[in-house]
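Fold and contact review
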Amino acid sequence: MKLTHSLLAALLATAFSTPALSEESPTLYKRLGGYDALAAVTDDFLGRLLPDPKLGRFFVGHSSDSLNRIRGEIIDFLCVISKGPCSYSGRDMKTAHGGLKITDEDWDISVKALSATLDKFKVPTIERKEVLTAVSGLKGDIVGR
């Protein structure tokens with residue numbers, strides 16, 4: 001299973017607002033490389049999470065179909081929040097992560113995995129910062145649920 005540059009199944013659309021960019025500036029979606037790039041990042045990111053000794057527990061018991069659905073929802077979510085042409089019909093982050101009891105340590109491991117994915121794809125500094133800022137804004141909706 002492979003992931004794209006944008007990780008985590010779950011960023012808020014407002015988290016990517018960039019007031020400094022003019023209306024003519026390309027969207028984050030375009031700057032990241034579009035749908036195929038988001039899919040590649042998601043695949044790489046999930047490829048880091050699934051075998052992780054701590055984080056792999058969140059994926060135990062999921063069928064291939066279920067994992068593919070999760071992958072698709074992550075891609076669609078990233079597409080929407082980066083102002084791409086997709087629609088997201090998944091659950092909000094609080095609901096999606098409810099009952100998982102994700103810890104601060106789990107969060108830190110996933111952010112390191114995302115950073116490694118962004119490094120692998122050589123995501124430029126500005127876009128990297130936007131992605132990581134958006135992800136950090138989700139922590140309260142994900143950790144401790």
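Since the model is a prediction, treat every value here as computed from it, not as a measurement. (Residues numbered from 1 in each chain as written. Predicted model: local features only at pLDDT ≥ 70, side-chain atom pairs only at ≥ 80, totals over all residues. Heavy atoms only, no water.)

Turning to the overall build of the protein chain, a few remarks are in order. When helices and strands are tallied, the protein chain shows seven helices and zero strands. Helices (α) and strands (β) of the protein chain occur, in sequence order from the N terminus, as α-α-α-α-α-α-α. Going through the 145 residues of the protein chain one by one, you find that 41% of them count as buried. Taking the contacts inside the protein chain whose residues are at least 6 apart along the sequence as the reference set, 83% of them involve residues at least 24 apart. Split by element, the accessible area of the protein chain, about 7,600 Å² in all, is 55% carbon and sulfur. (Helix = DSSP H or I, 4+ residues; strand = E, 2+ residues; numbered from the N terminus. Buried < 20%, exposed > 50% of the residue type's maximum accessible area, 1.4 Å probe, protein only. Contact = heavy atoms within 4.5 Å. Areas by Shrake-Rupley, 256 points an atom, 1.4 Å probe, with all protein chains shown as cover.)

Below, the discussion takes up the confidence of the model for the protein chain. Scored by pLDDT, the protein chain has a mean of 86; 83% of the residues are at 70 or more. Contacts for the low-pLDDT stretch residues 1-21, under 50 throughout, to residues beyond four places or in other chains number 93 contacts. (pLDDT = per-residue confidence, 0-100.)

Within the largest apolar cluster, 31 residues are counted, with the highest numbers of intra-cluster contacts made by Leu 38 and Leu 49. Among the secondary structure elements, those contributing two or more residues to this core are helix 1 (28-32), helix 2 (35-49), helix 3 (64-81), helix 5 (104-120) and helix 6 (125-136). Top contributing element to this core by residue count: helix 3, with eight residues. (Core = buried A, V, L, I, M, F, W, Y, C linked by side-chain atoms within 4.5 Å.)

Applying the stated criterion across every chain yields a total of one disulfide. Across the disulfide from Cys 79 sits Cys 86; the S-S distance is 2.2 Å. Disulfide Cys 79-Cys 86: the torsion about the S-S bond is 80°, which places it as right-handed. On the basis of relative accessible area, Cys 79 is assigned to the buried category, the value being 0%. (Disulfide = S-S within 2.5 Å.)

Here we come to unusual backbone geometry. Of all residues except glycine, most have a negative phi; of all peptide bonds, most are trans. One non-glycine residue, Lys 101, lies in positive phi territory at about 55°. As for its placement among the helices and strands, Lys 101 is situated in the loop between helix 4 (93-97) and helix 5. Residue classification places Lys 101 among the exposed positions, given a relative accessible area of 63%. The backbone phi angle of Lys 122 is positive, close to 55°, even though this residue is not glycine. Along the chain, Lys 122 turns up in the loop between helix 5 and helix 6.

What follows covers the side chain of Ser 115. Tracing the sequence through the fold places Ser 115 in helix 5. Not counting residues up to four positions away in its chain, the partners in contact with Ser 115 are Arg 128 and Leu 132.

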